[in-house]
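A closer look at the structure
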Amino acid sequence: MANSSTKGLTVERCWTLVGRQQGRFWYARRMRPTKGDPASVAFDASWVIAREEAKGDVVGFYHTHPSGMPDPSRRDDRTMRAWVGSFGKPLLCLIEADGKVAGYQYRSDESDGVALTACELLPRGIVVAYHGEVSEESEVTDGE
């Protein structure tokens, strides 16, 4: 379920997701909101890189498609592949459209996003996502 604060917007919004993956579950919080245009949005890439270098907890990005479907665009695919290649780890791309949130996991800088089984936006910007299948290289446990 989407946060009602994003319904009715006519420009894209974006947040960086920080958190962790534990087995088939991803736990994250939306941080650093930005607003863009009706079909694009930018975010603070310098902050994202600094956060990843300092804490290693960037797990992806959450953004809206105010007049579209909750599917990754070609730009979303290119952007996610670049970040996965830069960080060397799988990342999430969560997209909210028409009050629904869909999630995709990008596993490499050449992969398409793999649809998540479920994702939920909870109060206070908390996100929980579940992926029905986990590849060996993407499974992470506590302590790693």
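The numbering scheme is per chain: residues are counted from 1 as the chain's sequence reads. Given that the model is predicted, a residue must reach a pLDDT of at least 70 before its local features are reported, and side-chain atom pairs must reach 80 or more before they are shown or counted; all residues, however, enter totals for whole chains, interfaces and linings. As a rule here, side-chain values come from all non-hydrogen atoms in the structure, and water together with hydrogens is ignored.

Brief notes about the packing of aromatic side chains
When the centres of two rings from Phe, Tyr and Trp lie within 6.5 Å, Trp using its six-membered ring, the rings pair. Their planes under 30 degrees apart give stacked, over 60 give edge-to-face, and anything left gives tilted. Tallied over the full model, the rule gives seven aromatic pairs. Plain terms: the ring middles of F25 and Y27 are 6.2 Å apart, the flat faces sit at 20 degrees to each other, and that makes the pair stacked. Among the aromatic residues, those joined into a ring-pair cluster are F43, F61, W83 and F87. Look at NZ for Lys and CZ for Arg. If either is within 6 Å of the ring centre and within 35 degrees of the ring normal, a charge sits over the ring. The side chain of R30 reaches across the aromatic face of W15, ending 3.8 Å from its centre. Over the ring of Y62 we find R30; its NZ or CZ atom is 4.8 Å from the centre of that ring.

Observations regarding helix 2 (residues 74–87)
Helix and strand labels come from DSSP, where a helix needs a run of H or I of at least four residues and a strand needs a run of E of at least two; each type is numbered from the N terminus. Helix span is expected to be 1.5 Å times the residue number reduced by one. Across its 14 residues, helix 2 extends 20 Å between first and last C-alpha, which sits within 8% of the 20 Å expected from 1.5 Å per residue. Burial in helix 2 covers these residues: D76, D77, M80, W83, V84 and F87. End-on view of helix 2: buried residues confined to an arc of 135 degrees, all on one side of the axis. Facing away from the buried side of helix 2 by more than 90 degrees, the exposed set consists of R74, R78 and S86. One or two steps after helix 2, the chain reaches G88, where phi turns positive at roughly 70 degrees. For each residue, the accessible area found with a 1.4 Å probe, counting protein chains only, is set against the maximum for its type, and the residue is called buried under 20%, exposed over 50%, and partly exposed in between. The directions from the helix axis to the C-beta atoms are what the arc is built from.

Here's the deal with the pattern of salt bridges
Whenever Lys or Arg places a side-chain nitrogen within 4 Å of a carboxyl oxygen from Asp or Glu, that contact is recorded as a salt bridge. This model, assessed by the stated rule, comprises four salt bridges. D44 is paired through a salt bridge with R32; the nearest N and O atoms lie 2.8 Å apart. Taken as a pair, D44 in the loop between strand 2 (25–35) and helix 1 (45–55) and R32 in strand 2 lie far apart in primary sequence, 12 residues in all. Since its relative accessible area comes to 33%, D44 is described here as partly exposed. On the basis of relative accessible area, R32 is assigned to the partly exposed category, the value being 39%. For R81, the salt bridge goes to D112, with nearest N and O atoms at 2.5 Å. Residue R81 is located in helix 2, and its partner D112 is located in the loop between strand 5 (100–106) and strand 6 (114–115); the two are separated by 31 residues in the primary sequence. The exposure class assigned to D112 is exposed, which follows from its relative accessible area of 52%.

A few points about the state of the cysteines
Criterion for a disulfide: a pair of cysteine sulfur atoms at a distance within 2.5 Å. Per the counting criterion, the structure on display carries zero disulfides. You can see C93 has no disulfide; the closest cysteine sulfur is in C14, sitting 8.7 Å from it. Judged by its relative accessible area of 2%, C93 falls in the buried class.

Section: the side chain of D76
Residue position: D76 is located in helix 2. Charge assignment in this entry is limited to Lys and Arg as positive and Asp and Glu as negative, and neither His nor the chain termini are counted. Put simply, D76 is tucked away with no salt bridge, and the nearest opposite charge, on R75, sits 6.8 Å away. Ignoring sequence-local partners within four residues, the contact set of D76 consists of H63, H65, D71 and I95. Note on definitions: a residue-residue contact is assigned when non-hydrogen atoms from the two residues lie within 4.5 Å.

Topic: the pairing of strand 7 (residues 118–122)
A one-sided burial pattern is seen for strand 7, the buried positions being C119 and L121 and the unburied ones A118, E120 and L122. Between any two strands, at least two bridges found by DSSP are needed for them to pair. Where strand 7 and strand 8 (residues 126–130) come together, five bridges link them in antiparallel fashion. Note on strand 8: the bridge partner recorded for A118 is Y130. What sits between strand 7 and strand 8 in their antiparallel hairpin is a turn of three residues, with R124 showing a positive phi close to 65 degrees.

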